[in-house]
Amino acid sequence: MTINKRDGKMKLALQMVSGYGGEFKTWRMPGTVADAYTNMDYYVENAKMAEKGKIHTLFIADTPALANDISTNSPMHPMDPTIALTAVARETKHIGIVSTYSTTYTEPYNLARTLKTLDVVSNGRMGWNAVTTSNHEAAANFGQPLPDRDTRYKMAHEHVEAVQTLWGTFGEDAYIHNKETSEFVDMSQVKLANYNGKYYQTRGPLPIPASPQGQPPIFQAGGGEKGLELAGRFASGVYANPFTKEDAKLHRMMLRKSAEAHGRNPDDIKMFAGFMFSIGKTKEEALERRYMMQEFAPRETAHHVEYLGHMVGLSLSVNTIDITKPLPQHLITQMYPSPMDPRSGKAFELLKAGMSVKDVLANGVINYHPVVVGTPEMVADFLEEWYLADATDGFSIVPDSSHDGIKDFVEQVVPILQERGLFHTEYEGETLRENLGVSYEYGLNH
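Conventions adopted
Residues numbered from 1 in each chain as written. Predicted model: local features only at pLDDT ≥ 70, side-chain atom pairs only at ≥ 80, totals over all residues. Heavy atoms only, no water. Helix = DSSP H or I, 4+ residues; strand = E, 2+ residues; numbered from the N terminus. Polar contact = N/O pair within 3.5 Å; in protein donor to acceptor, adjacent residues only side chain to side chain. Salt bridge = Lys/Arg side-chain N within 4 Å of Asp/Glu carboxyl O. Expected span 1.5 Å × (residues − 1). Buried < 20%, exposed > 50% of the residue type's maximum accessible area, 1.4 Å probe, protein only. Arc of directions from axis to C-beta. Contact = heavy atoms within 4.5 Å. Axes fitted to C-alpha atoms, helices over the stretch in contact; angles between N-to-C directions. Parallel < 35°, antiparallel > 145°, perpendicular 65-115°, else oblique. Left-handed = near helix turned anticlockwise from the far one by under 90°. Nonpolar A, V, L, I, M, F, W, Y, C, P; charged D, E, K, R; others polar. Core = buried A, V, L, I, M, F, W, Y, C linked by side-chain atoms within 4.5 Å. 1 Å grid on protein atoms, 1.4 Å probe; cavity = no way out; pocket = protein on both sides within 12 Å on 5 of 7 lines; lining within 4 Å. Points joined across faces, edges and corners; volume = space filled by probe spheres on them. Pairing = 2+ DSSP bridges. Phe/Tyr/Trp six-rings, centres within 6.5 Å; stacked < 30°, edge-to-face > 60°. Lys NZ or Arg CZ within 6 Å of the ring centre and 35° of its normal.

**Brief notes about the side chain of serine 317**
Then step 1. Relative to the helices and strands, serine 317 resides in the loop between helix H9 (298–311) and helix H10 (329–332).
Then step 2. At 3.1 Å, the side chain of serine 317 and the backbone nitrogen of asparagine 319 are in polar contact.

**Some words on the pattern of salt bridges**
Then step 1. The full count for this structure, using the stated rule, is 19 salt bridges.
Then step 2. We note a salt bridge from glutamate 91 to lysine 48, for which the minimum N-O separation is 3.7 Å. Here glutamate 91 is found in the loop between helix H2 (81–89) and strand E3 (96–102), whereas its partner lysine 48 is found in helix H1 (residues 40–52), with 43 residues between them in sequence.
Then step 3. Between aspartate 267 and arginine 256 there is a salt bridge; the shortest N-O distance is 3.1 Å. Taken together, the residues span a long stretch of sequence, with aspartate 267 in the loop between helix H7 (245–261) and strand E11 (270–279) and arginine 256 in helix H7 at a distance of eleven residues.
Then step 4. What you see here is one network of salt bridges that share partners, running through Lys52, Lys407 and Glu411.

**Focus: helix H13 (residues 376–388)**
Then step 1. With 13 residues, H13 extends 18 Å from end C-alpha to end C-alpha; this agrees with the ideal 18 Å at 1.5 Å per step.
Then step 2. Among the residues of H13, those classed as buried are Pro376, Val379, Ala380, Phe382, Leu383, Trp386 and Tyr387. Down the axis of H13, the sector holding all buried residues measures 155 degrees, keeping them to one side.
Then step 3. Residues of H13 that are buried sit in contact with H7, E11, strand E12 (371–374), strand E13 (394–399) and helix H14 (402–419).
Then step 4. Of the residues trailing H13, aspartate 390 is marked for its positive phi of about 60 degrees.

**Considering the packing of helix H6 (residues 224–234) against H7**
Then step 1. At a minimum axis distance of 7 Å, the contact between H6 and H7 shows a crossing angle of 55 degrees. Comparing the axis directions of H6 and H7 gives the class oblique. Note that H6 runs across H7; the crossing there is right-handed. Residue-level contacts link Leu228, Glu229, Ala231 and Gly232 of H6 to His251, Met254, Leu255, Ser258 and Ala259 of H7.
Then step 2. When the residues that make up the contact of H6 with H7 are grouped by side-chain class, the tally is five nonpolar, three polar and one charged.

**Some remarks on the environment of valine 44**
Then step 1. Within the element layout of this structure, valine 44 appears in helix H1.
Then step 2. Residue class for valine 44 comes out buried when judged on its relative accessible area of 9%.
Then step 3. In this structure, the C-alpha to C-alpha distance between valine 44 and valine 88, residues 44 residues apart in sequence, is 5.3 Å.
Then step 4. Excluding residues within four positions of it along the chain, valine 44 makes contact with Ala87, Val88 and Glu91.

**Some details on the nonpolar core**
Then step 1. Formed by 72 residues in total, the largest nonpolar core has its most connected members in Trp128, Phe395 and Phe409.
Then step 2. Per-element tally for this core: the top contributor is H14, with seven residues.
Then step 3. In this view, phenylalanine 409 contacts Leu12, Ile55, Phe277, Ile279, Val379, Leu383, Ile397 and Val414; residues no more than four positions away in its chain are not counted.
Then step 4. Met311, Ile323, Phe348 and Ile366 belong to the second-largest nonpolar core, a separate cluster that totals 21 residues.

**Here's the deal with the layout of surface pockets**
Then step 1. What the largest pocket holds in volume is close to 1,000 Å³.
Then step 2. Lining the largest pocket are 42 residues, with Ala61, Val131, Ala221, Gly222 and Asn241 positioned closest to its centre.
Then step 3. Counting residues per element, the ones that place at least two in the lining of the largest pocket are strand E4 (126–131), helix H5 (149–167), H6, strand E10 (237–240), H7, E11 and E13.
Then step 4. Ranked by residues supplied to the lining of the largest pocket, first place goes to H7 with four residues.
Then step 5. Looking at the lining of the largest pocket, its residues break down into 20 nonpolar, 18 polar and four charged.
Then step 6. Space inside the second largest pocket adds up to approximately 650 Å³.
Then step 7. Lining the second largest pocket are 23 residues, and of these Glu23, Glu300, His304, Ile366 and Asn367 lie nearest its centre.

**Comments concerning the pairing of strand E5 (residues 175–178)**
Then step 1. Taken together, the two bridges between E5 and strand E6 (residues 183–185) define a ladder with antiparallel strand orientation. Residue pairing in the sheet places tyrosine 175 in a bridge with valine 185 of E6.
Then step 2. If you look at the hairpin formed by E5 and E6, you'll find four residues sitting between the two strands, and serine 182 has a positive phi there, around 65 degrees.

**What about empty space enclosed by the protein?**
Then step 1. A full pass over the atoms with the stated rule returns one cavity of 30 Å³ or more.
Then step 2. What the largest cavity holds in volume is close to 40 Å³.
Then step 3. Residue composition of the lining of the largest cavity, grouped by class: five nonpolar, six polar and no charged.

**Some thoughts on the environment of methionine 254**
Then step 1. The residue methionine 254 is located in helix H7 in this model.
Then step 2. Judged by relative accessible area, which is 36%, methionine 254 ranks as partly exposed.
Then step 3. For the pair methionine 254 and leucine 436, spaced 182 residues apart in the sequence, the C-alpha separation amounts to 20 Å.

**Concerning the packing of aromatic side chains**
Then step 1. Using the criterion set out here, one finds twelve aromatic pairs in the structure.
Then step 2. Here tyrosine 175 and phenylalanine 184 contribute two aromatic rings whose centre-to-centre distance is 5.5 Å and whose plane-to-plane angle is 80 degrees, an arrangement assigned as edge-to-face.
Then step 3. Residue class for tyrosine 175 comes out partly exposed when judged on its relative accessible area of 40%.
Then step 4. Measuring from centroid to centroid gives 5.2 Å for phenylalanine 277 and phenylalanine 409, while their planes differ by 35 degrees, and the two rings are tilted. Highlighted residues: phenylalanine 277 in strand E11 and phenylalanine 409 in helix H14, separated in sequence by 132 residues. The exposure classification of phenylalanine 277 matches that of phenylalanine 409, with both residues buried.
Then step 5. Three or more aromatic residues link up through ring pairs in this structure, and these residues are Phe275, Phe277, Phe382, Trp386, Phe395 and Phe409.
Then step 6. Lying over the aromatic face of tyrosine 291, lysine 358 brings its terminal NZ or CZ to 4.7 Å of the ring centre.

Here you go:
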């Protein structure tokens, strides 16, 4: 199988998180909006900045549960993605709006109705990140046990089928609203869904017309064989978490193979690799941002030191080593990268090169995506390297702090990518599908 020839333009999604950014202590940084969690005007302001930079879509990775300790950290998720995206939809014109909704803990009819409404309201810019939900906290919120992984994915296939079936029940040309003929809807084009699966049943129809893009494109973010199967069957976009360029290339190739195996054009599935950044005028300035975050989080830093030790086969503690200095030589000779953690290779290399533990942590080696801490050119270089290596179709970018990170990326990184011919200068169309470059869909078997 060969990698497709592309138009030379990477796709970019901006992860909105809860309004603060990807680092959960940055709400305390100078200049941040302290109430960003509840301030929808600020959320919209950030979305408009992303649209100014021609970012393809916003992305909210949500789960129906409290996902982290918020005693001193900002939340991982917004109050409610539907409300946040509705606010954004009415104040923007081009940028896509995508959020996670669970296939395990939502009913197909309710979700189909919400997403299609938002798709119509936004004139064809809505997308759905379909995930199975794997945490017990979410299960408890619905008074249900957490199904095993195999069952969750069987449920997911049915759920997506049911939602798409409902989306297609209202004919594309059924909405006439002709005053002169008095015909509002051509009911010959409105059909029942009559979906009867093992886990989900729904009758329909869903009385909502098609948007300009037909139906919302489906995204997927689960890993492993079952995630690849779900993505290959349904997804137009995939949020992936590779830590190395080689792993990213393999993941993309497997996604494309899965799409082909389901009779689809592999170019209709776009992979977005997760990526985090901290930008400064110099590398040193960018590191200073990271040092400030460490100072805000002494408990977490102590835990991170121990975790870093596990990544390289050492027992490390803030009480036993000076984290501002390189590791002693006898510890360096004992190190080895853990084969169980794909991030350990980079940690091993930096420690072996004589970087202090504090600096290694500041470079983001234990973050949940690859991290670049440096100048706009360094950020652009990373994106260019992975993209031109066919390791990904684009990136799901996560600034350390939204209050200046989004603006810095739009005003400093985007122009570099555009000058290098790697990123578009205008939106390709009016809908999310057009901007992603994926085929039109409407209903399950259009």
